[in-house]
Amino acid sequence: LPSPAPLHRLPGACPLLELLDLSWNGWLAQPAWGEDTALARVKWARWARLRVLGVRETGLDAESEVLRGVNEGRWVDGMDVVEIVA
């Protein structure tokens, strides 16, 4: 995607998504609307089936603050954890 997109709308439109690859979108690490990044507004809990999130070459890594919410409330030692590919 060449510019910021409203990613916060995707969980409502695609609730059964299992893989989301946002790699090579450098704008993900930059504020998109006001002070928030595009990923900061995403309601990760609405994607109960999400298993893999790709963020290669975006300026984000698996430990970045904006991605901390991805696995919040999921089983840490179970199969429900989202694998973040950075």
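Just so we're clear, the structure is a prediction, and the values are computed from it rather than from any experiment.

Visitor: So what exactly am I meant to see when it comes to the overall build of the protein chain here?
Guide: Along its length, the protein chain carries one helix and three strands. Its helices and strands taken in sequence order, the protein chain reads α-β-β-β from the N to the C terminus. A compact globule built from 86 residues should have a C-alpha radius of gyration of about 12 Å, and the protein chain, at 12 Å, falls within 12% of that. Taken over the C-alpha atoms alone, the protein chain extends approximately 35 × 25 × 20 Å along its principal axes. Looking at the 86 residues of the protein chain, the share that counts as buried comes to 34%. Within the protein chain, residue pairs in contact and separated by at least 24 positions form 71% of the contacts whose partners lie at least 6 positions apart. Summed over its atoms, the accessible surface of the protein chain is roughly 5600 Å², and 51% of this surface lies on carbon and sulfur atoms.

Thresholds applied
Residues numbered from 1 in each chain as written. Predicted model: local features only at pLDDT ≥ 70, side-chain atom pairs only at ≥ 80, totals over all residues. Heavy atoms only, no water. Helix = DSSP H or I, 4+ residues; strand = E, 2+ residues; numbered from the N terminus. Rg over C-alpha atoms; globule rule 2.2 N^0.38 Å. Buried < 20%, exposed > 50% of the residue type's maximum accessible area, 1.4 Å probe, protein only. Contact = heavy atoms within 4.5 Å. Areas by Shrake-Rupley, 256 points an atom, 1.4 Å probe, with all protein chains shown as cover.

Spatial relationships are all this shows, so hold off on functional conclusions.
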